[in-house]
Amino acid sequence: MAFTILSAKKFATTLKATIHRTGRLGFPADTATALDLSAEKFAKFAQDDENGSLYLIIIGEGSEDAFPVRENGGYYFIATKVMFDTLGFNYENGDVIFDLVRRPSLDDDLQGQVYFMKQRPIKNKEKKNDIESEP
């Protein structure tokens, strides 16, 4: 029998990306490290034609389809405002957060390191406040 140990260290960090109110897609430091982001990297996005799912693809070389990864003070982001506007994301009223789930089975087809962008449910703060204020 053969076994592979599933290391807790590998699963300790939830990879995430956030569309900020500026329309930029930003990455927290632990995610940037896990994705090996640098100002020399690029990102492409793919959308599943059947269900609209969104995928982030990290690549090492630029192309006309790729966005440059930018860095400011150790924080990495991608200037994606126009893309997210076109896709209809409502980020101006609050951040939109995605959990990034690695999909190595798609690397060859999409030619890079592929991550499924699983959008977190949006919390309705007004409802939460109303419920908390009820007797």
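All right, on to the overall build of the protein chain then. A count of helical and extended segments in the protein chain gives four helices and nine strands. N-terminal to C-terminal, the α/β element order of the protein chain is β-β-α-β-β-β-β-β-α-β-α-β-α. Here the protein chain holds 135 residues, and the buried ones make up 33% of them. Taking the intrachain contacts of the protein chain between residues at least 6 apart in sequence as the baseline, contacts between residues at least 24 apart amount to 52%.

Below, the discussion takes up the packing of aromatic side chains. The geometry of an aromatic ring pair is captured by the separation of the ring centres together with the interplanar angle, meaning the angle of the planes. Counted by the stated rule, this structure contains six aromatic pairs. Members of the aromatic cluster, connected to one another through ring pairs, are Phe45, Phe67, Phe84, Phe89 and Phe98. Above the ring of tyrosine 115, the side-chain terminus of arginine 102 is found at 5.3 Å from the ring centroid.

With that settled, the discussion passes to the side chain of serine 38. Relative to the assigned elements, serine 38 resides in the loop between α1 (29-34) and β3 (42-47). Judged by relative accessible area, serine 38 falls into the buried class, the value being 18%. Look past the residues within four positions of serine 38 in its chain and what remains in contact with it is Val69 and Tyr76.

Attention shifts here to the pattern of salt bridges. This structure, assessed with the given rule, holds four salt bridges. Between arginine 120 and aspartate 99 there is a salt bridge whose closest N-O contact spans 2.8 Å. Taken together, the residues span a long stretch of sequence, with arginine 120 in the loop between β9 (113-119) and α4 (125-133) and aspartate 99 in strand β8 (residues 96-102) at a distance of 21 residues. Look at arginine 120 and you get partly exposed, because its relative accessible area is 30%. In this structure, aspartate 107 and arginine 102 form a salt bridge, with 2.7 Å as the shortest nitrogen-oxygen distance.

With that settled, consider the sheet that holds strand β7 (residues 75-79). On the basis of which strands lie adjacent, the open sheet formed by nine strands has the order β5-β3-β4-β9-β8-β1-β2-β7-β6 and antiparallel pairing. Of all the strands in the sheet, just β5 (67-68) and β6 (70-72) have a single pairing partner and so form its edges. Direction of pairing for β8 relative to β9: antiparallel, over a ladder of five bridges. Looking at β9, one finds that aspartate 99 is bridged to lysine 118.

It is worth spelling out unusual backbone geometry at this point. Backbone phi values are negative for most residues with the exception of glycine, while trans is the configuration of most peptide bonds. Here aspartate 36, not a glycine, exhibits a phi torsion of approximately 55°, which is positive. A positive phi is found at glutamine 111, a non-glycine position, where the angle reads about 60°. Mapped onto the elements of the fold, glutamine 111 is located in the loop between α3 (107-110) and β9.

Note: strand β1 (residues 16-19) against β8, four bridges, orientation antiparallel. Each residue of the ladder has a partner; that of lysine 16, found in β8, is aspartate 99.

Right, let's talk about the nonpolar core for a bit. Judged by nonpolar contacts, the single largest core of 24 residues is most densely connected at Leu25, Phe27, Leu35, Leu56 and Leu100. Elements with a contribution of two residues or more to this core: β1, β2 (24-27), β3, β4 (54-59), β7, α2 (81-87), β8 and β9. Setting aside its immediate chain neighbours within four residues, leucine 56 contacts Phe27, Leu35, Ala43, Lys44, Phe45, Ile78, Leu100, Gln113, Val114, Tyr115 and Met117. Counting seven residues, the second largest nonpolar core, distinct from the first, contains Tyr55, Ala66, Val114 and Phe116.

About the criteria used
- Residues numbered from 1 in each chain as written.
- Predicted model: local features only at pLDDT ≥ 70, side-chain atom pairs only at ≥ 80, totals over all residues.
- Heavy atoms only, no water.
- Helix = DSSP H or I, 4+ residues; strand = E, 2+ residues; numbered from the N terminus.
- Buried < 20%, exposed > 50% of the residue type's maximum accessible area, 1.4 Å probe, protein only.
- Contact = heavy atoms within 4.5 Å.
- Phe/Tyr/Trp six-rings, centres within 6.5 Å; stacked < 30°, edge-to-face > 60°.
- Lys NZ or Arg CZ within 6 Å of the ring centre and 35° of its normal.
- Salt bridge = Lys/Arg side-chain N within 4 Å of Asp/Glu carboxyl O.
- Pairing = 2+ DSSP bridges.
- Core = buried A, V, L, I, M, F, W, Y, C linked by side-chain atoms within 4.5 Å.

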